[in-house]
Amino acid sequence: MSKKNTNSRLPRSKGIDMGTFYETKDCAKKVKRIVLPPAHRQIIEEFITIFGMKDTFEQYDVPIPNKMILFGPPGTGKTLSAFYIATRLELPLILVRLDAIIHSHLGETGSNIRKIFDYAKGSPCVLFLDEFDAIARTRETTPKSFARVKPQSPQGAMNRFLPIN
Ligand SMILES: Nc1ncnc2c1ncn2[C@@H]1O[C@H](COP(=O)(O)OP(=O)(O)O)[C@@H](O)[C@H]1O
Ligand SMILES: [Mg+2]
């Protein structure tokens, strides 16, 4: 991680940081006791292998598949998996809670997302967009009437993360 990002502050919304920055060593500590079912491990290993071929993809001008969507009920290891992938890629993790950057004012949410992406582009990292389904809320006249759009999966919460470098 370059000094630039470590020292520069995460963008803020509504007076709070829009995300949390974790150094690779902090990610490694969190995943010490992770147990991955074989099917999950295989998906993650394939992702890491492909990401390791970044230079070859670039050489042939092919966009690298560097994004993954995680879905499942709360507590099933989506966030932990993001820490694990950051550890394996030896990259820091920026954990963004999307529900924290959703804004009721038209245009503010887009602006917040842009700020986060600009920040993440500052140096190589894994950008983890937690509570991703929050972005698909319906826009109503009052914030109270916001409702979560039910994800396509019956399981509920959805997250998305992408390594940026
Ligand atoms: N694969 C796993 N291996 C070990 N512990 C796990 C695993 N998945 C979840 N846990 C435990 O459950 C807790 C909640 O997991 P978390 O990743 O926050 O779930 P989610 O993001 O899907 O809601 C973790 O802090 C950890 O203690
Ligand atoms: Mg989570």
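Think of each chain on its own: its residues are numbered from 1, step by step along the sequence as written. In the order they appear in the text, chains get letters beginning with A and ligands get numbers beginning with 1. Restriction of local features to residues with pLDDT of at least 70 applies here, the model being predicted, together with a cutoff of 80 or more for giving and counting side-chain atom pairs; totals for whole chains, interfaces and linings are based on all residues.

Where an unreviewed UniProt entry is consulted, the protein chain appears under the name ATP-dependent zinc metalloprotease FtsH 2, with the organism given as Paenibacillus konkukensis.

### Brief notes about the overall build of the protein chain
Secondary structure elements follow DSSP: runs of H or I of four or more residues count as helices, runs of E of two or more count as strands, with numbering from the N terminus. For the protein chain, the helix and strand inventory stands at seven helices and seven strands. Exposure in this text rests on C-beta crowding, where 20 or more other C-beta atoms within 10 Å of a residue's own make it buried, 12 or fewer make it exposed, and counts in between make it partly exposed. The C-beta atoms are placed from the backbone. Expressed as a percentage of its 165 residues, the buried residues of the protein chain come to 27%. A pair of residues counts as a contact when their C-beta atoms, built from backbone coordinates, are separated by no more than 7 Å. For the protein chain, the share of sequence-separated contacts (at least 6 apart) that also reach a separation of at least 24 residues comes to 76%.

### Points about the packing of helix H3 (residues 38-52) against helix H5 (residues 78-89)
H5 packs onto H3 with a crossing angle of 35° between their chain directions and a minimal axis gap of 11 Å. Crossing hand, H3 versus H5: right-handed. Packed against H3, whose contacting residues are Ile44, Ile48 and Phe51, the element H5 presents Ser81, Tyr84, Ile85, Arg88 and Leu89 at the interface. Charged means Asp, Glu, Lys or Arg here, nonpolar means Ala, Val, Leu, Ile, Met, Phe, Trp, Tyr, Cys or Pro, and polar covers whatever is left, Gly included. For the contact of H3 with H5, a count of residues per class yields six nonpolar, one polar and one charged. Think of each axis as a best-fit line through the C-alpha atoms, taken over the contacting stretch in the case of a helix, with angles from 0 to 180 degrees between the N-to-C directions. Crossings are assigned a handedness: left-handed for a near helix turned anticlockwise from the far helix by less than a right angle, right-handed for a clockwise turn.

### What to know about the confidence of the model for the protein chain
Values of pLDDT, the confidence the predictor places in each residue, fall between 0 and 100. Averaged over all residues, the pLDDT of the protein chain is 82; the fraction at 70 or higher stands at 76%. Below a pLDDT of 50 lies the segment residues 141-156, which in the model reaches 24 contacts outside its immediate sequence neighbourhood of four places, other chains included.

### So, the nonpolar core
Side chains of nonpolar character tend, in soluble globular proteins, to be buried together. Note on definitions: a nonpolar core is a set of buried residues drawn from Ala, Val, Leu, Ile, Met, Phe, Trp, Tyr and Cys, linked by C-beta atoms within 7 Å. In terms of nonpolar packing, the biggest core is built from 27 residues, with Ala86, Leu93, Ile94, Val96, Val126, Leu127 and Phe128 touching the most fellow members. Elements with a contribution of two residues or more to this core: H5, strand S5 (93-97), helix H6 (98-101), helix H7 (108-120) and strand S6 (125-130). If you tally residues by element for this core, the top one is H5, at six residues. In this structure Ala86 touches Thr24, Cys27, Leu91, Pro92, Leu93 and Val126, once residues within four positions along its chain are discounted.

### Section: unusual backbone geometry
Phi at Asp61 is positive, roughly 60°, even though this residue is not glycine. Among the secondary structure elements, Asp61 is positioned in the loop between helix H4 (54-59) and strand S4 (68-71). Judged by the 6 C-beta atoms lying within 10 Å of it, Asp61 is exposed. We note that Glu90 has phi near 55°; this positive angle belongs to a residue other than glycine. Within the fold, Glu90 resides in the loop between H5 and S5. Take Glu90: there are 11 C-beta atoms within 10 Å of it, and that puts it in the exposed class.

### Concerning H5
Every helix has an expected span of 1.5 Å times one less than the residues it contains. In this model, H5 (twelve residues) spans 17 Å end to end at C-alpha, consistent with the 16 Å of a helix rising 1.5 Å per residue. Buried within H5 we find Lys78, Thr79, Ser81, Ala82, Phe83, Tyr84, Ile85, Ala86, Thr87 and Leu89.

### Side note on the pairing of S6
Counting buried residues along S6, six of its six residues qualify, which places the element largely inside the surrounding structure. Side chains Cys125, Leu127 and Leu129 project from S6 onto one buried face, and the interleaved Val126, Phe128 and Asp130 project onto a second face that is buried too. Here a strand pair is declared whenever DSSP counts at least two bridges between the two strands. Of the strand pairs in this sheet, S5 and S6 are connected by five bridges, and their pairing is parallel. Looking at the pairing, Arg97 lines up with Asp130 of S6.

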